[in-house]
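Listed below, chain by chain, are the residues.
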Amino acid sequence: MFKALKNVFGSIRSAISKGISEALGAIASREIRYDDVAKRSDELVLRLVEADIAYEVAEEIVIGVAKRLDGVRISRFEDLDAVVEDKLREAIKEILLRGVWKGDLVKLAAERKPLKLVFMGVNGVGKTTTIAKVARFFTKHGLKVLVVAGDTFRAGAQEQLAIHCSRLGVPFFRAKYGSDPGAVVYDAVRHAEKQGYDVVLIDTAGRQHTDRDLMEEIKKIVRVSKPDLKILVLDSLTGNDAVNQAREFDKYVGVDAAILTKLDANATGGSAISIIASIGKPIVFVGVGQGYDDLEQYDPEKILERIFGGE
Ligand SMILES: Nc1nc2c(ncn2[C@@H]2O[C@H](COP(=O)(O)OP(=O)(O)O)[C@@H](O)[C@H]2O)c(=O)[nH]1
Ligand SMILES: [Mg+2]
């Protein structure tokens, strides 16, 4: 995971150190200047862009490093690479921190009883799989979970979810095919309230964010279920398109938080960083595989470790 990113940040670090040591020349000790880094910024930004990092985000990283190194006193005998890596890590961390979600789902579930989460997103991003993983997350914490499919039209949509639920031993709220998704979700929430469920997970039909009718349908699901969180599921491989999806869903339905899937399949990792930097939404979980336990709470330190840690 993130191998290419690891390599590219390694090469960036070396290029920056080289620039600084050239500027240092024969002088024994001096302060690093902003320009020691900035004069190479075009080349550095380009390298990051080649690793799938969006241009603005790449620029932000390079400027962030230049600013952090500006004024740092170094001597010729110092391990420059270590100094640069430290600042590079800080610059990336600042970006990753934007995605941190401060809530606690388990605590929230105990408070709300039931905690209602609506999952939405474009087809194929991993919504249904993610709901199964999230159901597992809550049952592991000893909570009573109900899953409901707000997709009553697509053949197989309910079956897929029902199979996951039976494997996980989690109740699944069934609906008649073709019934109104809003009505089904309404019934499911009433049922969960009466039966003392802690959590209700609501799947919705995969839709293109450009499809107005389906956007209206999801709005109705939101209206009747009054979710605690409207969660947008995004495929980390889709980069800039994920950023557009976030903007559109936010405009029509409102997005409280995101889940980023397929980090394990993300060879470069640059698109994931760009999404985190640009969607302006907290990230509750990241998907790291196809198994039910392949779900992690979003943690910038963990991502930094994947980029900078030794393997
Ligand atoms: N490698 C990997 N595959 C995933 C992940 N999440 C989902 N998938 C796969 O993505 C595909 C689409 O998932 P699905 O849940 O049906 O997407 P939906 O259309 O949004 O409901 C399936 O093959 C999943 O196994 C993940 O975190 N990692
Ligand atoms: Mg699905």
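The written sequence of each chain sets the order in which its residues are numbered from 1. Ligands are numbered from 1 and chains lettered from A, in the order in which they are written. At least 70 in pLDDT is required for a residue's local features to be given in this predicted model, at least 80 for side-chain atom pairs to be given and counted, and no such filter applies to totals for whole chains, interfaces and linings, which use all residues. Excluding hydrogens and water, the side-chain figures rest on all heavy atoms present in the structure.

This next bit is on the pattern of salt bridges. One side-chain nitrogen of Lys or Arg within 4 Å of one carboxyl oxygen of Asp or Glu is enough to make a salt bridge. One pass over the full model with this rule turns up 24 salt bridges. Among the ionic pairs, Arg13 bridges to Asp81, the shortest N-O distance being 3.9 Å. Pair noted here: Arg13 is in helix 1 (residues 3-24) and Asp81 is in helix 5 (residues 80-96), with a separation of 68 residues, a long-range link. Burial status follows relative accessibility: with a 1.4 Å probe on protein chains alone, a residue under 20% of its type maximum counts as buried, one over 50% as exposed, and anything between as partly exposed. Residue Arg13 is classed as partly exposed on the basis of its relative accessible area, which comes to 21%. One salt bridge in this structure joins Arg306 and Glu296, with 2.9 Å as the shortest N-O distance. Here the residue Arg306 occupies a position in helix 13 (residues 300-308), and Glu296 occupies one in strand 10 (residues 295-297), the gap between them amounting to 10 residues. Owing to a relative accessible area of 16%, Glu296 belongs among the buried residues under this scheme. Overlapping salt bridges bring together Glu22, Arg40, Glu43 and Arg47 as one network. Only DSSP runs of H or I with at least four residues qualify as helices, and only runs of E with at least two residues qualify as strands; both kinds are numbered from the N terminus onward.

This part is about the sheet that holds strand 6 (residues 199-203). On the basis of which strands lie adjacent, the open sheet formed by eight strands has the order 5-4-6-3-7-8-9-10 and mixed pairing. Both edges of this open sheet fall to strand 5 (172-173) and strand 10, since each of them pairs with a single strand only. Two strands are said to pair when DSSP picks up at least two bridges between them. Bridge count for strand 8 (residues 257-261) against strand 9 (residues 283-287) is three bridges, and the pairing is parallel. Of the residues in strand 9, the one forming a bridge with Leu260 is Val286.

Moving on: the packing of aromatic side chains. Centres within 6.5 Å make a pair out of two Phe, Tyr or Trp rings, where for Trp the six-membered ring is used; the pair is then stacked when the planes are under 30 degrees apart, edge-to-face when over 60, and tilted otherwise. Scanning all chains against the criterion turns up three aromatic pairs. With centroids separated by 6.0 Å and ring planes inclined at 35°, the aromatic side chains of Phe9 and Phe308 adopt a geometry described as tilted. Linking Phe9 in helix 1 with Phe308 in helix 13, this pair joins segments that are 299 residues apart in sequence. Phe9 gets classed as buried once you look at its relative accessible area, which sits at 1%. Their ring planes at 75° and their centres at 5.2 Å tell us that Phe137 and Phe138 sit as a pair that is edge-to-face.

What follows deals with the environment of Ile307. The topology assignment puts Ile307 in helix 13. Owing to a relative accessible area of 1%, Ile307 belongs among the buried residues under this scheme. Note on contacts: a residue pair qualifies if any of its non-hydrogen atoms lie within 4.5 Å across the two residues. Once residues lying within four places of it in the same chain are set aside, the contact partners of Ile307 are Phe2, Leu5, Lys6, Phe9 and Ile273.

Turning our eyes to something else, we now look at the domain arrangement of the chain. Domain annotation of the chain identifies domain 1 (3-99) and domain 2 (105-308). Each partner contributes residues to the interface: domain 1 has 20 residues there, and domain 2 has 22 residues. Interface area lost by domain 1 to domain 2 is led by Arg89, Leu96 and Gly99, which between them contribute 34%. Where domain 1 packs against domain 2, one counts three salt bridges. The shortest N-O distance in the salt bridge between Glu301 and Arg89 comes to 3.8 Å. The definition of a polar contact used here is a pair of N or O atoms within 3.5 Å, where within protein one atom must be able to donate a hydrogen and the other to accept one, and adjacent residues in sequence count solely through side-chain atom pairs. Between the two partners, domain 1 and domain 2, sit seven residue pairs in polar contact (both at pLDDT 80 or more). For the side of domain 1 that touches domain 2, the elements supplying multiple residues, two or more each, are helix 1 and helix 5. Sort the elements by how many residues they give to the side of domain 1 that touches domain 2 and helix 5 lands first, with seven residues. Per-class residue counts for the side of domain 1 that touches domain 2 are 12 nonpolar, one polar and seven charged. A domain assignment, automatic or from a database, supplies the domain bounds used here. In this description, buried area is defined as the sum, over both parts, of the accessible area (probe of 1.4 Å) that is lost when the two are combined. Under this grouping Gly is polar, as are all residues other than the nonpolar Ala, Val, Leu, Ile, Met, Phe, Trp, Tyr, Cys and Pro and the charged Asp, Glu, Lys and Arg.

A few words on the pairing of strand 9. Among the five residues that make up strand 9, five are buried, leaving the element largely enclosed by the rest of the structure. Inspection of the sheet shows strand 9 paired to strand 10 by three bridges, in the antiparallel sense. What sits directly across from Phe285, in strand 10, is Gln297.

Attention now goes to unusual backbone geometry. Put simply, Lys113 and Pro114 share a cis peptide bond, and its omega is 10°. Position of Pro114 among the secondary structure elements: in the loop between helix 6 (105-112) and strand 3 (115-120). Of note, Lys113 is a non-glycine position whose phi angle comes to about 35°, a positive value. Here Lys113 shows up in the loop between helix 6 and strand 3. Assessed through its relative accessible area of 44%, Lys113 is described here as partly exposed. In this structure, Lys226 takes a positive phi of about 45° despite not being glycine. For Lys226, the location among the structural elements is in the loop between helix 10 (212-225) and strand 7 (229-235).

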